Amino acid sequence: MTHDSQAPKRGILAGVLAFLCAACLIFPTPAKALSAQSALLMEVQSGQVLFAQNEDERLPMASTTKIMTALVAVEQGDPRQLCVVSKRAAGTEGSSLYLKAGEVYTLEQLLYGLLLRSGNDAAAVIAESVGGSEENFVQLMNETARRIGLNNTHFDNPSGLDGDTHYTTARELALLTAYALQNEEFCRYFGAKQYVIEQAPTHEGRTLVNKHRLLTSRQDVIGGKTGYTKASGRCLVTAAHSGGMTLVAVTINDPDDWADHEELLDWGFESHECVELSEKIPVQRVPVAGGGSLEVRAAQPSFVVLPRGEGQKLQVVCALPRFCYAGVGLLEPVGEASVTLRGEELARLPLVCWQKDIPSSGKRGIWELITDAICTILK
């Protein structure tokens, strides 16, 4: 699965849907009761929450912290950047790559070590190299959290070690992961099953195998991160893609996390479908004063996740003027469509002028407009 750097504008944090009221709809629930203190299942493209359990409770999140560490490093650093292991970084407690002071790695190699083997020492080296110091890097992490709207998240360190003000929620950990999935470089590290650091004069060789076992046991899983401290309990993030949907499952303090994630993903994919709302809106025609008409349609993709079969029950009501004037431009809003399910509005989508059929000006549509623009550029 590939993602472009501009995808956040179309994704969860960009608000593709004009209105979403999933909480008002009757959704099924997983058959298995989860053992997690906090959990959430989200569909990425629509931003829709399919299942939640104590999702806004602030809790320590252990090494799932490293999702933010990797995101900041990818956004701020260069994968070819050379990073020297300091004595302080080499002595970082907890899960480790056993890096040695004085060794030199590329940022890319350290990012694989960070996400595949959850190296706390790798996190420290990344922070010092990208941020100038661990303290400065943590500030970047918190600034990024604020920028993408995570108001119940705070970081004390880049590794996930327990801290007095080191916390997040299941909801915001899912939001962070959904945002990070829009970055193609992040996905490369996040979804890697194995990576080999070749032996070199500047460092030892290592073969890194991802600790997230669902990456190898399930074909639909595209990435994930494990985490554990005594204070946080077992924490797990899993991203999976199937049937046009990308799901992110998050559990915090969950002694049965692997089974719970399997249950959530199976239930999510089997019980739901991704519906493109604009495809449900029929093409409309609006008369033009003086003769002719406009072809009007919903040009902006809008997605919603529904229980399977519910997409066939959607109702659409279009609000359009009785007529338009000839001066309406292509892609200019003309009206709107309301999409409802059992009386609950799911979305209100703009309807735009897609093609003009006016005798005096001839029939010119969006493709003619694109052709004219290309010809103008080439002149």
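All figures in this text were calculated on a predicted structure; none of them were measured in a lab.

Asks: Mind showing me how you'd approach the overall build of the chain here?
Replies: Within the chain, the secondary structure is distributed over ten helices and 17 strands. The buried share of the chain, taken over its 379 residues, is 53%. Taking all contacts inside the chain whose residues are at least 6 apart in sequence as the whole, residues at least 24 apart take part in 65%. When the accessible surface of the chain is summed, it comes to about 16,900 Å², and 51% of that surface belongs to carbon and sulfur atoms.

Asks: How do you make sense of the packing of helix H1 (residues 66–76) against helix H6 (residues 170–180) when you look at a structure like this?
Replies: In a packed pair of helices, the relevant descriptors are the angle between the two axes and the axis-to-axis distance. At a minimum axis separation of 10 Å, H1 and H6 run at an interaxial angle of 30 degrees. When the axes of H1 and H6 are compared, the pair comes out roughly parallel. Here the hand of the crossing between H1 and H6 comes out left-handed. Every residue of H6 that contacts H1 at Ile 67, Met 68, Leu 71 and Glu 75 is listed here: Leu 173, Leu 176, Thr 177, Tyr 179 and Ala 180. Residue composition of the contact of H1 with H6, grouped by class: seven nonpolar, one polar and one charged.

Asks: It is not clear to me how the sheet that holds strand S2 (residues 48–53) should be interpreted in this structure. Could you clarify?
Replies: Backbone hydrogen bonds hold the strands of a sheet together, and the pairing may be parallel or antiparallel. Strands sit in the order S2-S1-S9-S8-S7 across an open sheet of five strands; the sheet is antiparallel. Of all the strands in the sheet, the pair left with one neighbour each is S2 and strand S7 (221–229). Between one strand axis and the next, the sheet turns through 5 degrees on average, direction left out of account. Across eight bridges, S7 lies against strand S8 (residues 233–242) in antiparallel orientation. Within the sheet, the bridge partner assigned to Gly 223 lies in S8 and is Ala 239. The sheet contacts of helix H9 (residues 257–271) involve strand S1 (38–43), S2, S7, S8 and strand S9 (245–252), and relative to S8 the element is tilted by about 25 degrees.

Asks: Help me understand H6 in this model?
Replies: Because the α-helix completes a turn every 3.6 residues, residues three or four places apart line up on one side. Of all the eleven residues making up H6, ten are buried; the element is thus mostly covered by neighbouring parts of the structure. Within H6, burial applies to Ala 170, Glu 172, Leu 173, Ala 174, Leu 175, Leu 176, Thr 177, Ala 178, Tyr 179 and Ala 180. At its buried positions, H6 is contacted by S1, H1, helix H5 (134–147), helix H7 (184–190), S8 and S9.

Asks: Is there a simple way to explain the nonpolar core in this structure?
Replies: In summary, soluble globular proteins display a tendency toward joint burial of nonpolar side chains. If you look at the biggest cluster of nonpolar residues, it comprises 63 residues, and the most contacted ones within it are Met 68, Leu 111 and Ile 126. Considering every element that reaches this core, the biggest residue donor is H6, with eight residues. Those residues in contact with Ile 126 that sit more than four places away from it in its chain are Ala 73, Leu 107, Leu 110, Leu 111, Leu 114, Gly 131 and Phe 137.

Asks: Quick question: what am I supposed to make of the environment of Asp 260 here?
Replies: Tracing the chain through its elements places Asp 260 in helix H9. Of the residues examined, Asp 260 reaches a relative accessible area of 0% and is grouped as buried. Sequence spacing of Asp 260 and Lys 32 is 228 residues, and the spatial spacing of their C-alpha atoms is 7.9 Å. Once you skip the residues sitting within four places of it in the chain, Asp 260 turns out to touch Lys 32, Ala 33, Leu 34, Ser 35, Ala 36 and Asp 254.

Asks: Honestly, the confidence of the model for the chain in this entry has me stumped. Any pointers?
Replies: Low pLDDT means the predicted coordinates in that region are not meant to be read closely. Within the chain, residue pLDDT values average 89, and 87% of them lie at 70 or more. Below pLDDT 50 for its whole length, residues 1–26 participates in 62 contacts with residues either more than four positions away or in separate chains.

Asks: Would you take a moment to explain unusual backbone geometry for this structure?
Replies: It is generally the case that most residues other than glycine have a negative phi and that most peptide bonds are trans. With a phi close to 50 degrees, Ala 62 is a non-glycine residue in the positive phi region. Counting through the fold element by element, Ala 62 comes out in the loop between S2 and H1.

How each quantity is defined
- Residues numbered from 1 in each chain as written.
- Predicted model: local features only at pLDDT ≥ 70, side-chain atom pairs only at ≥ 80, totals over all residues.
- Heavy atoms only, no water.
- Helix = DSSP H or I, 4+ residues; strand = E, 2+ residues; numbered from the N terminus.
- Buried < 20%, exposed > 50% of the residue type's maximum accessible area, 1.4 Å probe, protein only.
- Contact = heavy atoms within 4.5 Å.
- Areas by Shrake-Rupley, 256 points an atom, 1.4 Å probe, with all protein chains shown as cover.
- Axes fitted to C-alpha atoms, helices over the stretch in contact; angles between N-to-C directions.
- Parallel < 35°, antiparallel > 145°, perpendicular 65-115°, else oblique.
- Left-handed = near helix turned anticlockwise from the far one by under 90°.
- Nonpolar A, V, L, I, M, F, W, Y, C, P; charged D, E, K, R; others polar.
- Pairing = 2+ DSSP bridges.
- Core = buried A, V, L, I, M, F, W, Y, C linked by side-chain atoms within 4.5 Å.
- pLDDT = per-residue confidence, 0-100.

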